[in-house]
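# Commentary on secondary and tertiary structure
As a plain string of letters, each chain reads:
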Amino acid sequence: MTTSRPDPTRNPWLRRVAPAAVTVAALALGWQLYVAVSGIRPQVLPSPARVLGQGWAHRADIAGHAWSTLQVTLVGFAVSLAVAWALAIVVDFSPWLRRALVPLFVVSQTLPIIAIAPLMIIWFGFGLLPKILVIALATFFPMAIGLIEGFAAADREAGALLRSMGASRRQEFRYVRLPSALPRFFTALRIGITYAVVGAVFAEYVGATSGLGIYMSTQKNSFRTDLVLAAVLVTAVLSLALYLLTYAAERVVAPWALATRSPR
């Protein structure tokens, strides 16, 4: 009697993760070999092994700054998320406000964060507020536009059916337009959450007392390129973790959206 073994190539999760893991491993190996062969100074380009080793040796310090960055990211993103939802709902109920506000949303994305962040520090100091504003500017647009377009893409026939049965505009929004917008919203959420971490780090880099941004700035000034790259690696891990959490949230809030996506 023979027992069939599971084929790992048929695992959708493995098929998605394996190519990225192999690519990262190949890049790290090439990087390591180049540093070993070229003899380049670690102050210019440290090897991946040195980055990991020094990052582990300074893990307590890096973890403290990472926790500060994570707190700022979550607070700023929560504010941005609440404002995006509020304005998207208001715009959906008022065509006039849609024509008035959506162009302003687009204009907000033309403002260079690299120029706005120092001004936020000058105007509001080194506290939490300027970091929240920078994160909001970096993340608000994709979520707001995702919601607005999701509401607008709702099934018109379903909405007309509800109205013919005497449903109010709010009931139509609740039962038709809101569920229709959730898949697009979670796509925009994944874009926004990665921008949030980058925005927080950049705001800290410009001016802060703690966080990965100020840690990178300090280590750069000390010519500790290995610790700068270790902090960059932690930033990437934070972004990836928050990105994956959006799938968990989508599975709870809108499981039908995930069910309609066929794995490739």
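Values in this document were obtained by computation on a predicted structure and should not be read as measured data.

Before going further, it helps to examine the overall build of the chain. A tally of regular secondary structure across the chain gives eleven helices and zero strands. If you list the helices and strands of the chain from N to C, you get α-α-α-α-α-α-α-α-α-α-α. Since a compact globule built from 264 residues should have a radius of gyration of about 18 Å, the 23 Å found for the chain marks it as more spread out than a globular shape. Viewed in the frame of its principal axes, the chain has a C-alpha envelope of about 75 × 75 × 30 Å. Relative to its 264 residues, the chain shows a buried fraction of 36%. The long-range share in the chain, meaning contacts at least 24 apart out of those at least 6 apart in sequence, stands at 71%. Taken as a whole, the chain presents about 15,600 Å² of accessible surface, with 69% of it coming from carbon and sulfur. Each charge sign in the chain was given a centre, from 23 positive and 10 negative side chains, and these centres are 3 Å apart.

Right, let's talk about the pattern of salt bridges for a bit. Under the criterion given, the structure shown has five salt bridges. In this structure, Arg50 and Asp226 form a salt bridge, with 3.1 Å as the shortest nitrogen-oxygen distance. A residue pair is termed long-range when its members are at least 10 positions apart, and Arg50 in helix α2 (residues 48-57) and Asp226 in helix α10 (residues 225-253) qualify at 176 residues. For Arg50, a relative accessible area of 36% corresponds to the partly exposed category. Judged by its relative accessible area of 1%, Asp226 is buried. Between Arg224 and Asp226 there is a salt bridge, with its nearest N and O atoms 3.1 Å apart. Connected via shared salt-bridge partners are Arg50, Arg224 and Asp226.

Another aspect to go through is the packing of helix α5 (residues 113-124) against helix α8 (residues 169-206). Running from N to C, α5 and α8 point in directions that differ by 55°, and their axes come no closer than 9 Å. The orientation of α5 relative to α8 falls into the category oblique. By crossing handedness, the relation of α5 to α8 is classed as right-handed. From α5, Ile113, Ile114, Ala117, Pro118 and Ile121 reach across to α8, where they touch Phe202, Ala203 and Val206. When the residues that make up the contact of α5 with α8 are grouped by side-chain class, the tally is eight nonpolar, no polar and no charged.

Right, let's talk about unusual backbone geometry for a bit. Of note, Phe223 is a non-glycine position whose phi angle comes to about 60°, a positive value. As for its position among the elements, Phe223 is in the loop between α9 (212-221) and α10. With a relative accessible area of 62%, Phe223 lands in the exposed category.

This part takes up the nonpolar core. Counting 38 residues, the largest nonpolar core has Phe77, Phe151, Phe185, Phe186, Leu189 and Leu212 as the members making the most contacts within it. Ranked by residues supplied to this core, first place goes to α8 with eleven residues. Residues contacting Leu189, with those up to four places away along its chain left out, are Phe77, Leu81, Met143 and Thr246.

The subject of this paragraph is the packing of aromatic side chains. Using the criterion set out here, one finds four aromatic pairs in the structure. Ring geometry for Tyr243 against Tyr247: centres 5.7 Å apart, planes inclined by 70°, an arrangement best described as edge-to-face. In this pair, Tyr243 and Tyr247 both sit in helix α10, four residues apart, roughly one turn of the helix. On the basis of relative accessibility, which here comes to 28%, the residue Tyr243 falls in the partly exposed class. Here Tyr247 falls in the partly exposed class, since its relative accessible area comes to 29%. A network of ring pairs unites the aromatic residues Trp85, Phe151, Phe185 and Phe186 as a single cluster. A cation sits over an aromatic face here: Arg59 above Trp56, 4.2 Å from the ring centre. When the ring centre of Tyr247 is taken as origin, the NZ or CZ atom of Arg190, which lies over that ring, is 4.0 Å away.

This part covers the UniProt feature "transmembrane region" (unreviewed entry) in the chain. Listed under "transmembrane region" (unreviewed entry) in the UniProt record, and renumbered for this structure, are residues 20-40, 74-93, 100-126, 132-154, 193-215 and 227-245. Note that residues 20-40 is 90% helix and 0% strand, and that its end C-alpha atoms are spaced 27 Å apart. A helix fraction of 100% and a strand fraction of 0% characterise residues 74-93, whose end C-alpha atoms lie 29 Å from each other.

In this section: a nonpolar patch on the surface. On the surface, Leu119, Ile122, Trp123, Phe124 and Leu129 cluster together into a nonpolar patch covering about 540 Å² of accessible area. Along the polypeptide, Leu129 turns up in helix α6 (residues 128-152).

Rules behind the numbers
Residues numbered from 1 in each chain as written. Predicted model: local features only at pLDDT ≥ 70, side-chain atom pairs only at ≥ 80, totals over all residues. Heavy atoms only, no water. Helix = DSSP H or I, 4+ residues; strand = E, 2+ residues; numbered from the N terminus. Rg over C-alpha atoms; globule rule 2.2 N^0.38 Å. Buried < 20%, exposed > 50% of the residue type's maximum accessible area, 1.4 Å probe, protein only. Contact = heavy atoms within 4.5 Å. Areas by Shrake-Rupley, 256 points an atom, 1.4 Å probe, with all protein chains shown as cover. Lys, Arg positive; Asp, Glu negative; His and termini not counted. Charge placed at Lys NZ, Arg CZ, Asp CG, Glu CD. Salt bridge = Lys/Arg side-chain N within 4 Å of Asp/Glu carboxyl O. Axes fitted to C-alpha atoms, helices over the stretch in contact; angles between N-to-C directions. Parallel < 35°, antiparallel > 145°, perpendicular 65-115°, else oblique. Left-handed = near helix turned anticlockwise from the far one by under 90°. Nonpolar A, V, L, I, M, F, W, Y, C, P; charged D, E, K, R; others polar. Core = buried A, V, L, I, M, F, W, Y, C linked by side-chain atoms within 4.5 Å. Phe/Tyr/Trp six-rings, centres within 6.5 Å; stacked < 30°, edge-to-face > 60°. Lys NZ or Arg CZ within 6 Å of the ring centre and 35° of its normal. UniProt positions renumbered as here; feature names shortened; annotations may be inferred. Patch = residues over 30% accessible without salt bridge, like charges linked within 9 Å, V, L, I, M, F, W, Y side chains within 5 Å.

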